[in-house]
Amino acid sequence: MKICKEFHGLATGNNRYLVHTNCADIGICFLTDEIVRVRASFDKEMAEESYVLSTTAWEDRMDALLGEERTRIKAVVPKVDDQGDKVVFTTKAVRLELQKVPLCFRLYDIEGTLLYSDLEGSPFILDSNNRVNHYSLMQGEEECYYGFGEKAGLLNKNKSFLRQRATDAMGYDAEKMDTLYKHIPFYIRMNREHKKAVGLYYNNFYESVFNMGCEKSNYWPRYTYWQADGGDIDIFFLAGNTMKKIVDNYTMLTGRPALLPKRALGYQGSSMYYPELEKDSDDAVVGFIDTIKEEGFPIDGFHLSSGYTSYNNRRCVFTWNTTRFKDPKAYFAAMNERGAQNVPNVKPGILLMHPWIDEFMKKDVFVKDSAGKGYGVGKWWGGDGVFWDYTKPEARQAWKEYLIENVIAVGTNSIWDDNCEYDSLQDKDCICDFDGKGGTIGQLKPLMSTLMCKLANDAVKEHDNNARPYVVCRSGSAGIQKYAQTWCGDNNTSWKSLQYNIPIITGMGLSGQPNEGADIGGFAGPAPEEELFVRWVQNGVFQPRFSIHSASNDNTVTEPWMFSDSTDIIRDAILLRYRMTPYLYSAEYEASQTGAPIMRALVYEFQNDPNVYDESFEFMYGKDILVANVIEKGAATKKVYLPAGCKWYDWNDNFRCYEGGQTIEIPVTMETIPMFIREGAIIPMADNQLMSMERDHMTRLHLTLAPGGDQTFNLYDDDGVTNEFRNGVYRKTGIHMSGTDVVKVDFTSEGSYTDFVEDVVVEMIRKDRSPFWVALGDRKLEHFLNRRKFDAAGEGWYYSQTKKAVEVKYANPKKDVTLTVSFEDFDLIGM
C-alpha cells in the first residue's frame, strides 16, 4: 500500500509542473485558465494515449486517429509562488494551492472562494489490492453532487454509492439499480452555502466507484472518494462556478455534442415485433409507416431491431434474413421514400456459429483471451460469442468496410449501435490491441462502444462525405456525446420508470450528453396501461430522443394508436413536439456549441435558488419552458415549484402569471401537460403543422415573448441532412428583446441557408396594459379592436383581453428588422 504523504520537490517542463512525493509523481497542467489537470501516477509513466480527449496541450499517441476531432492548444502558464509551506499557482480564473505537509490540493476561484479540497494527508492512495483511490473533503453534510453519467435514482447523489461499470441492465429498477449502460466518470460538486460549483473528470476507464458521503470515519473529516481498479488518478478540475460554464468546459475537453440530423429529433418508430415475424417483416414495417401517416401522426425514422440479421434463428451481424426482408435495398428505398429512414441495429458480438466467423478470425479482429493464444469468449445472444476489438487499427478498418457494404450502402446514413457494453467478457485481463501497445478489456471496456460510434460516423462519411450521420447508442464512455444520440436502455414498463427516467436523462445532460432519451411506454414487461402510456408520451415529447419502442412480454405491440380513447391526446402531444421543431433544433444547435442540455435540470438554470437543488422531476425544456409532467397515477391536481428570480406564465391558462419562488397546485386532466413560460422567454414555433422534421419547412413563424430584461435567442436552421452547414449554409437569426415601456425585438440573420418563413406571428405577454402603438422598422402597424377583422387582415396588431397579450402579424421582410411595441402611457383625456 502506498499513500502520498510527503512533498519532495517541484520540477517544470513540457507544459506541466511535476511534483515528486514519497511514492508517486503528480503532474499539474493548466489547460486553460479554468481547466486544471492534476495527475497522480504511482508507476510514474504518465503515457498520453486518450481515445476521448478533444482538447489537449500535449502530444498524444491517438492524435492521428482522432485527427480533426482533437484540438491542440497552448497550456496556460500560471503565476507560481512557493510560500514555503505551500506552492500557489494562479491563473486569471483560479488559484490552485498545493499544501506540502500534510499533502493536499485546494482549488479556489479568483475571488478566493474554496471550490474543492482534497482530504488532507491521504488524497492519493494505491491500496493493497492495487486500486487507486482519491479522497476529497466534503464541504458540508448536504453538499450537492450531480452527473456521473447515466444513473438511477434522484438527481442529487449526496449519500450515494455509485459504480462505474456499464452493464446490460434489461428491465432495471430506475429508482434503485446501479449500474446502467454508460461509464462516465464526471460529476459536479456544488456548495449549498456559497452556491458555486466545480466539476471533476477522472480520465480513467477502469471499473470504478464513487462514494459520495455514505461512509463515515471518526478519525477523518467527512469525505467522498473515487476508487478505480487500476491506472492513474488523472483528474481534470473544471472551474467556472456555474454549471453552465462547467458543462461548457467539460464538453470542450471531451468533445462537443454532435449536431444531429433533424430526423434524429423526430418520432422514431420502433418495435422488436416487426423484424421478428416469420416472414415479410419488410411489408409489416412499411405498413406501420403507412398506418402512422393515415392516423395523422408525424414520423421521421424507424429503429430497425436486429431481427433482420437472423441466421438460423440467431442474430448474426452484417447478414440479412431474406425471408423477412426479401429485397433489403428495395425495402430501404421504400422507407426513404416515405421519409422514415431505417436505423439498423448492429452489435459488436459475433456468435461462434456466425456464417462468416472464419473470415473474421482470419482478419484477426477480436479481443483475445488473457493468455493471448485464443479469443476472449463470452455469452452472447443465442450462444457463445467473441467481440470486435475497436482498439485495433485493422479491426476498425474491417468493421467500416463490412458496415458500409452490408448496411450503409443498402440505403441508410443511420446506425444503431446496440449491446455494446462488452458485459459478458468476465475475464478482465482479456487482451486488446490498444493501437499496438497492448492493453486489457478491464482497462478499455467502456471505450469500445464510443469507438464503435466513431466508426459508424466515419463509415457514413466515407460512403458519402456530405451525409450527416445519425448514430444512436445504448452504451458509451465520456466523449460519447460527440458521436451519438443515446438512450437509457431497456427500461421496465412502470410508473417508476416514467418518473425516474427523468433524472436519468437530466443527469446525463449534466454529464455532457444533451441527446438522451428513454424508450417511451417501456421496453421490458407488459404493455403499458392506458393512463401510463398517455403520461409517458406527454413526457417523451420533450426528450431529445423520442422513440416508442417495446419488446413486451404479453404478445402486444406498443403503438401510438393502441388505446382508441386516448389516440387524440397522444397525437396532440406528438404534434406539439413537431410544432416546436424551431425551438428544439435551436436547442440542438446550442448543445453542439456549448454542451447545454436540451432537457435541463432546474439547478442548471437556477443555481441561486436552493429550493431546486433536490428537484428531480421538473425540468426546463431548453432555457425558457418549465415542464412539470403529470407522472402520478390518477392525479387530479399537480403541485409545481416555480423557481425564484422571475415571473412565470401558465402555458395552458391564458398566460396566468405567478411570482417565482413558490409552489402552486393546478388542476389536471388526461389532456394536461403542465408548462410554464419563464419571464424573458423567446419561444419560436411553427404555426404551420410540420409532419416531418427533415422534409417539412416552417412557413409561418410563431413567436411567444415574455418581456423581462435583455434577452437573446438564436433561432437556428439548416437543411438538417447534409454537412453543408460547415460551409456556411445555415441561417442563424439572433432575436434580441429589450425594454419595458418600449419593448424592442431586433432580428439579425447570418448564413446563406434559405429562409422559408413567409409570415410572422408574435404573441407578447403584457398583463397590465395594451400597447400604445406597434411598429415594424419605421412603419407603424394598424391597430385592430375587433378580433374578426384582425384575423382577416394580412398584418396589424390586436390586444387579447383574454390572454392579456398583444398579437402582431406581418409578412416576413426577409431582412434584418426591429419590431417595436410601445406600452407608454397614452393620455386620452389630455390632462
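Residues numbered from 1 in each chain as written. Predicted model: local features only at pLDDT ≥ 70, side-chain atom pairs only at ≥ 80, totals over all residues. Heavy atoms only, no water.

### Side note on the overall build of the protein
Within the protein, the regular secondary structure consists of 13 helices and 57 strands. The C-alpha atoms of the protein give a radius of gyration of 28 Å, which matches the 28 Å a tight globule of 831 residues would have. The buried share among the 831 residues of the protein stands at 63%. Considering only intrachain contacts with a sequence separation of at least 6, the fraction spanning at least 24 residues in the protein is 67%. Counting only carbon and sulfur atoms, one obtains 46% of the accessible surface of the protein, whose full area is about 29500 Å². (Helix = DSSP H or I, 4+ residues; strand = E, 2+ residues; numbered from the N terminus. Rg over C-alpha atoms; globule rule 2.2 N^0.38 Å. Buried < 20%, exposed > 50% of the residue type's maximum accessible area, 1.4 Å probe, protein only. Contact = heavy atoms within 4.5 Å. Areas by Shrake-Rupley, 256 points an atom, 1.4 Å probe, with all protein chains shown as cover.)

### Quick notes on the nonpolar core
By size, the foremost hydrophobic cluster in this structure holds 213 residues, and its most contacted members are Tyr201, Trp388, Trp399, Leu403, Val537, Val603 and Leu819. The leading source of residues in this core is helix α7 (residues 441-463), at 11 residues. Beyond its immediate sequence surroundings of up to four residues, Leu819 is in contact with Val743, Lys744, Val745, Phe747, Val762, Val774, Ala775, Leu776, Val808 and Tyr810. Residues Ile26, Val36, Leu126 and Ala239 belong to the second largest nonpolar core, which totals 43 residues. (Core = buried A, V, L, I, M, F, W, Y, C linked by side-chain atoms within 4.5 Å.)

### A word on the sheet that holds strand β30 (residues 383-387)
What the 3 strands build is an open sheet, ordered β28-β30-β29; its pairing is antiparallel. Both outer strands of the open sheet, β28 (349-351) and β29 (378-380), are each paired with one neighbouring strand and no more. When the angles between neighbouring strand axes are averaged without regard to direction, this sheet yields 55°. Summarising the sheet, β29 and β30 pair through 3 bridges and their orientation is antiparallel. Bridging from a neighbouring strand, Lys379 pairs with Asp384 of β30. (Pairing = 2+ DSSP bridges. Axes fitted to C-alpha atoms, helices over the stretch in contact; angles between N-to-C directions.)

### Things to note about helix α3 (residues 281-294)
In this model, α3 (14 residues) spans 20 Å end to end at C-alpha, consistent with the 20 Å of a helix rising 1.5 Å per residue. Considered for burial, the residues of α3 that qualify are Ser281, Asp282, Val285, Val286, Phe288, Ile289 and Ile292. Each buried residue of α3 lies within a common arc of 150° when the element is viewed along its axis, so the set occupies one face. Just beyond α3, the residue with positive phi is Gly296, at close to 85°. (Expected span 1.5 Å × (residues − 1). Arc of directions from axis to C-beta.)

### What about the sheet that holds strand β40 (residues 619-621)?
Each strand in a sheet pairs with another by means of backbone hydrogen bonds, the pair being arranged parallel or else antiparallel. Strand order in the open sheet made by the 6 strands is β39-β40-β41-β46-β43-β44, with antiparallel pairing throughout. Looking at which strands have only one partner, the edges of the open sheet turn out to be β39 (599-601) and β44 (657-659). Neighbour-to-neighbour, the strand axes of the sheet open up by a mean angle of 35°, direction not taken into account. Bridging between strand β43 (residues 647-650) and β44 involves 3 bridges; their strand directions are antiparallel. Paired with Trp648 across the bridge in β44 is Tyr658.

### What to know about the pattern of salt bridges
Within the structure shown, the criterion is met by 74 salt bridges. A salt bridge links Arg571 to Asp568; its shortest N-O distance comes to 2.7 Å. With Arg571 and Asp568 both in helix α10 (residues 567-579), this residue pair falls 3 residues apart, about one helical turn. A single salt-bridge network, built from bridges that share partners, covers Asp168, Lys347, Asp418, Glu421, Arg474 and Asp490. (Salt bridge = Lys/Arg side-chain N within 4 Å of Asp/Glu carboxyl O.)

### Observations regarding the packing of helix α6 (residues 393-411) against α7
Running from N to C, α6 and α7 cross one another at 60°; their axes reach a closest spacing of 9 Å. Considering their axes alone, α6 and α7 lie oblique with respect to each other. At the point where α6 passes α7, the crossing takes the right-handed sense. In this structure, α6 contributes Arg396, Trp399, Lys400, Leu403, Ile404, Ile408 and Ala409 to the contact, and α7 contributes Met452, Leu455, Ala456, Asp458, Ala459, Val460, Glu462 and His463. For the contact of α6 with α7, a count of residues per class yields 10 nonpolar, 1 polar and 4 charged. (Parallel < 35°, antiparallel > 145°, perpendicular 65-115°, else oblique. Left-handed = near helix turned anticlockwise from the far one by under 90°. Nonpolar A, V, L, I, M, F, W, Y, C, P; charged D, E, K, R; others polar.)

### Considerations on the packing of α3 against helix α4 (residues 328-337)
Helix-helix packing: each pair is described by the crossing angle between the helix axes and the interaxial distance. Packing of α3 against α4 leaves a shortest axis separation of 10 Å and a crossing angle of 0°. Relative to α4, α3 is oriented roughly parallel. Seen from α3, the contacting residues are Asp282, Val285, Val286 and Ile289; seen from α4, they are Tyr331, Ala334 and Met335. Among the residues forming the contact of α3 with α4, the class breakdown is 6 nonpolar, no polar and 1 charged.

### Brief notes about the packing of aromatic side chains
In this structure the tally under the stated criterion is 58 aromatic pairs. Considering the side-chain rings of Trp58 and Phe236, the 6.4 Å spacing of their centres and the 35° angle between planes classify their relative orientation as tilted. Taken as a pair, Trp58 in the loop between β6 (55-56) and α1 (63-66) and Phe236 in strand β22 (residues 233-241) lie far apart in primary sequence, 178 residues in all. The exposure class of Phe236 is buried, given its relative accessible area of 0%. The interplanar angle of 75° and the centroid separation of 5.0 Å between the aromatic rings of Phe542 and Tyr621 together place this pair among those described as edge-to-face. (Phe/Tyr/Trp six-rings, centres within 6.5 Å; stacked < 30°, edge-to-face > 60°.)

### Let's talk about the side chain of Arg731
With respect to the helices and strands, the residue Arg731 is situated in strand β50 (residues 731-738). Summary of buried charges: Arg731 has no salt-bridge partner, and the nearest side chain of opposite charge, Asp755, is 4.6 Å away. Setting aside chain neighbours within four positions, we find Arg731 in contact with Leu715, Tyr716, Asp717, Ser749, Glu750, Gly751, Tyr753, Thr754 and Asp755. (Lys, Arg positive; Asp, Glu negative; His and termini not counted.)

### What to know about the pairing of strand β11 (residues 104-109)
Burial analysis of β11 places 6 of its 6 residues in the buried class, the great majority of the element. Side chains Cys104, Arg106 and Tyr108 of β11 all project onto a buried face; the interleaved residues Phe105, Leu107 and Asp109 project onto the opposite face, where all are buried too. Where strand β10 (residues 94-99) and β11 come together, 6 bridges link them in antiparallel fashion. In the sheet register, Leu96 faces β11, and the bridge partner there is Leu107. The turn linking β10 back onto β11 is made up of 4 residues. The pairing of β11 with strand β12 (residues 114-117) spans 3 bridges and is antiparallel. Each residue of the ladder has a partner; that of Arg106, found in β12, is Ser117. Counted between consecutive antiparallel strands, the loop separating β11 from β12 contains 4 residues, among which Gly112 sits at a positive phi close to 95°.

### Brief notes about α7
In a regular helix each residue adds 1.5 Å, so 23 residues correspond to 33 Å; α7 covers 30 Å between its end C-alpha atoms and thus fits that length. Maximum bend of α7: about 40°, positioned at Leu447. With 19 of 23 residues buried, α7 is to be regarded as a mostly interior element. (Bend = angle between axes of the 7 residues up to and from the residue.)

### Quick word on the side chain of Thr581
Mapping Thr581 onto the fold places it in helix α11 (residues 581-594). For Thr581, a relative accessible area of 8% translates into the label buried. Once residues lying within four places of it in the same chain are set aside, the contact partners of Thr581 are Leu690 and Met693.

### Details of the environment of Gly339
Locating Gly339 in the fold gives a position in the loop between α4 and β27 (341-346). Along the chain, Gly339 and Met693 lie 354 residues apart, while their C-alpha atoms are 9.6 Å from each other. Gly339 has contacts with Ile299, Asp300, Gly301 and Arg695, leaving out every residue within four places of it along the chain.

What is shown is where atoms sit, not what they do.
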